[in-house]
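Commentary on secondary and tertiary structure
Okay, here's what each chain looks like letter by letter:
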Amino acid sequence: MHESGEMYLETIYVLSQKSDSVRSIDICEYMGYSKPSVSRAVGLLKKDGHITVDGKGYISLTHSGLKIAQNIFERHTIIMNTLLKLGIDEETADNDACKIEHVISDKTFSAIKDFYNKNK
């Protein structure tokens, strides 16, 4: 999966934690993307089986979409919190975690996660 797809799934996951319903417009507002961009991404995620969209336009994660979203969200959270512990300001830590979460190897992330959990 490409980074952009992971970002959309993570956004749907975050929004679904805050509200019972997620629509394309919610994603547009959250991510600051245009309606056509979000519509295209939603179509691709639906085609790949990571989300469903009901007749009213409400978006839900499928099992595969939820697994990916939770994985990316966990990576973001742990990397960001580790950077915060290192003294990085919150905005920079959040932005850097957003970039790192998509390219970091499982092995390196596992080591960071272990380190973070030992040093909470």
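Report follows, based on the coordinates. (Residues numbered from 1 in each chain as written. Predicted model: local features only at pLDDT ≥ 70, side-chain atom pairs only at ≥ 80, totals over all residues. Heavy atoms only, no water.)

**Topic: the overall build of the protein chain**
Note the threshold: Helical segments are the DSSP runs of H or I of at least four residues, strand segments are the runs of E of at least two, and each set is numbered from the N terminus. The globule rule used here is 2.2 Å times the number of residues to the 0.38 power, and the radius of gyration it is set against is calculated over C-alpha atoms. Each residue's exposure class comes from its accessible area (1.4 Å probe, protein chains only) as a fraction of the maximum for that residue type: buried when under 20%, exposed when over 50%, partly exposed otherwise. Note on definitions: a residue-residue contact is assigned when non-hydrogen atoms from the two residues lie within 4.5 Å. Computed with the Shrake-Rupley method and a 1.4 Å probe, the accessible areas treat only the protein chains shown as cover for residues.
A count of helical and extended segments in the protein chain gives six helices and two strands. Overall, the protein chain shows an N-to-C arrangement of helices and strands of α-α-α-β-β-α-α-α. Relative to the 2.2 N^0.38 estimate, which gives 14 Å for 120 residues, the radius of gyration of the protein chain is 15 Å and therefore close to what a compact globule would have. Seen along its three principal axes, the alpha-carbon backbone of the protein chain occupies a region of about 45 × 25 × 25 Å. Burial statistics for the protein chain: of 120 residues in total, 34% are counted as buried. The long-range share in the protein chain, meaning contacts at least 24 apart out of those at least 6 apart in sequence, stands at 53%. Split by element, the accessible area of the protein chain, about 7,500 Å² in all, is 51% carbon and sulfur.

**Considering the layout of surface pockets**
Filter applied, for reference: The distinction between a cavity and a pocket rests on a 1 Å grid over the protein atoms alone: a 1.4 Å probe fits inside a cavity but cannot get out, while a pocket stays open yet meets protein on both sides within 12 Å along at least five of seven lines, and a residue with an atom within 4 Å of a point counts as lining. Grid points are joined across faces, edges and corners, and a volume is the space filled by probe spheres set on the points.
Its boundaries defined by the atoms lining it, the largest pocket holds a volume of some 270 Å³. Residue lining of the largest pocket: 13 residues in total, with Met7, Glu10, Thr11, Tyr30 and Cys98 positioned closest to the centre. Secondary-structure elements contributing two or more residues to the lining of the largest pocket are helix H1 (3-18), helix H2 (24-31), helix H4 (63-85) and helix H5 (90-100). Sort the elements by how many residues they give to the lining of the largest pocket and H1 lands first, with four residues.

**A short note on a negative patch on the surface**
Keep this limit in mind: Here the term patch refers to residues with relative accessible area over 30% and no salt bridge, with like charges joined within 9 Å and nonpolar side chains (Val, Leu, Ile, Met, Phe, Trp, Tyr) within 5 Å. Put simply, a salt bridge is a Lys or Arg side-chain nitrogen that is within 4 Å of an Asp or Glu carboxyl oxygen. Charged residues are defined narrowly, with Lys and Arg counted positive, Asp and Glu counted negative, and His plus the chain ends left uncounted. Each charge is placed at NZ for Lys, CZ for Arg, CG for Asp and CD for Glu.
Where like charges cluster on the molecular surface, the negative patch consists of Asp89, Glu90, Glu91 and Asp94. Within the secondary structure layout, aspartate 94 lies in helix H5.

**Points about the nonpolar core**
Rules: What is meant by a nonpolar core is a set of buried Ala, Val, Leu, Ile, Met, Phe, Trp, Tyr and Cys residues, joined one to another through side-chain atoms within 4.5 Å.
Tyr8, Ile12, Ile27 and Ile51 are the most contacted members of the largest nonpolar core, which totals 17 residues. Those elements that provide at least two residues to this core are H1, H2 and helix H3 (35-47). Discounting residues that sit within four places of it in the chain, tyrosine 8 has contacts with Ile27, Met31, Tyr33, Ser37, Val38, Ala41 and Leu45. Core analysis: the second largest hydrophobic core is formed by nine residues, Ala93, Ala97, Ile104 and Tyr116 among them.

**Quick look at the packing of H1 against H2**
This is how the line gets drawn: A fitted line through C-alpha atoms represents every axis, and for helices the fit uses only the stretch in contact; the resulting angles, taken between N-to-C directions, go from 0 to 180 degrees. Angles are sorted into four bins: roughly parallel if under 35 degrees, roughly antiparallel if over 145, roughly perpendicular if 65 to 115, and oblique for all others. Under the scheme applied, nonpolar residues are Ala, Val, Leu, Ile, Met, Phe, Trp, Tyr, Cys and Pro; charged residues are Asp, Glu, Lys and Arg; polar residues are all the others, including Gly.
Following both chains from N to C, one finds H1 and H2 inclined at 105°, their axes separated by 10 Å at the closest point. Between H1 and H2, the interaxial angle falls into the category roughly perpendicular. Side by side, H1 and H2 meet where Met7, Tyr8, Thr11, Ile12, Val14, Leu15 and Lys18 of the first sit next to Asp26, Ile27, Tyr30 and Met31 of the second. Split by residue class, the contact of H1 with H2 holds eight nonpolar, one polar and two charged.

**Some points on H1**
Which entries qualify depends on this criterion: By this rule the span expected of a helix is its residue count minus one, scaled by 1.5 Å.
Given a rise of 1.5 Å per residue, 16 residues ought to cover 22 Å, and the 23 Å separating the end C-alpha atoms of H1 matches this to within 8%. Inspection of H1 places Gly5, Glu6, Met7, Tyr8, Leu9, Glu10, Thr11, Ile12, Tyr13, Val14 and Leu15 among the buried residues, and these make up the whole buried set. On its buried face, H1 is in contact with H2, H3, strand E1 (51-53), strand E2 (59-61), H4 and H5.

**Considering the environment of lysine 118**
On the secondary structure map, lysine 118 appears in helix H6 (residues 106-118). Residue lysine 118 is classed as exposed on the basis of its relative accessible area, which comes to 71%. With 58 residues separating them in the primary sequence, lysine 118 and serine 60 have C-alpha atoms 35 Å apart.

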